[in-house]
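Listed below, chain by chain, are the residues.
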Amino acid sequence: MSLQQVKLLQLPKILDDRGNLSFFENNNQIPFEIQRVYWIYDVPGGELRGGHAYKDLQEVIIALSGSFDVVLNDGISEQKFSLNRSYTALYVPKMIWRHLENFSTNSLALIVTDRFFEEQQYIRDFQEFKNAMHEQ
Ligand code: TYD
């Protein structure tokens, strides 16, 4: 897997004087079947979340409110995505090292994945991740 498979997806945006609306659906705007949704909130200033890769799990990350940066690394290069729109979803395939940082006050990160939570999906050691990438 490489950073070339990472994509920024523009979700539908229904503009309305009463307030705007966006949405996503299984296998439609989101390119996989959704199994789990979680969100990260109340992040104290300067804190980081993540710092791991998933062996076989895809996800999209959306800044529903506020802003934060998602830093992705495929074992060779690193790229930072600044998310600050509730209609922009960052697609992250399996086997990409990632962490989230630079959370604004009251930011809300929504993460949608194609698997239930399983600790054995995580690689939490960067050297182990790099070794696994080189074995592929
Ligand atoms: P973790 O994924 O390690 O957080 P981070 O995004 O900072 O890497 O999850 C933190 C804790 O929450 C961990 O003990 C597992 C638990 N957890 C669940 O029970 N279900 C979930 O869907 C997630 C994402 C985490």
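Shown above is the structure to which this text applies.
Residues numbered from 1 in each chain as written. Predicted model: local features only at pLDDT ≥ 70, side-chain atom pairs only at ≥ 80, totals over all residues. Heavy atoms only, no water.

Asks: For the overall build of the protein, give the residues involved together with the corresponding values.
Replies: Counting its regular elements, the protein contains 1 helix and 12 strands. For the protein, the succession of helices and strands along the chain, N to C, is β-β-β-β-β-β-β-β-β-β-β-β-α. For a compact globule of 136 residues, the expected C-alpha radius of gyration is about 14 Å, and the protein comes in at 15 Å, within 12% of that figure. On the principal axes, the C-alpha backbone points of the protein span a range of 55 × 35 × 25 Å. Counting every position in the protein, which comprises 136 residues, the buried fraction comes to 40%. Look at the contacts in the protein between residues 6 or more apart in sequence, and 77% of them connect residues 24 or more apart. (Helix = DSSP H or I, 4+ residues; strand = E, 2+ residues; numbered from the N terminus. Rg over C-alpha atoms; globule rule 2.2 N^0.38 Å. Buried < 20%, exposed > 50% of the residue type's maximum accessible area, 1.4 Å probe, protein only. Contact = heavy atoms within 4.5 Å.)

Asks: Can you lay out the sheet that holds strand S1 (residues 7-10) for me, pointing to particular residues and giving the numbers?
Replies: Sheets are built from strands paired through backbone hydrogen bonds, the pairs being either parallel or antiparallel. Taken in spatial order, the 5 strands make up an open sheet running S1-S9-S6-S11-S4, and their pairing is antiparallel. Looking at strand neighbours, the two that pair on one side only are S1 and strand S4 (36-40), the edges of this open sheet. Along the sheet, successive strands turn relative to each other by an average axial angle of 25°, direction set aside. (Pairing = 2+ DSSP bridges. Axes fitted to C-alpha atoms, helices over the stretch in contact; angles between N-to-C directions.)

Asks: Explain the pairing of strand S9 (residues 88-92) to me, and be specific about the residues and the numbers.
Replies: For S9, the buried fraction is high: 5 of the 5 residues fall into the buried class. Side-chain alternation along S9 places Thr-88, Leu-90 and Val-92 on one buried face and Ala-89 and Tyr-91 on a second face that is also buried. Where strand S6 (residues 59-65) lies against S9, 4 bridges are found, and the strand directions are antiparallel. Its bridge partner lying in S9, Ile-61 is registered against Leu-90.

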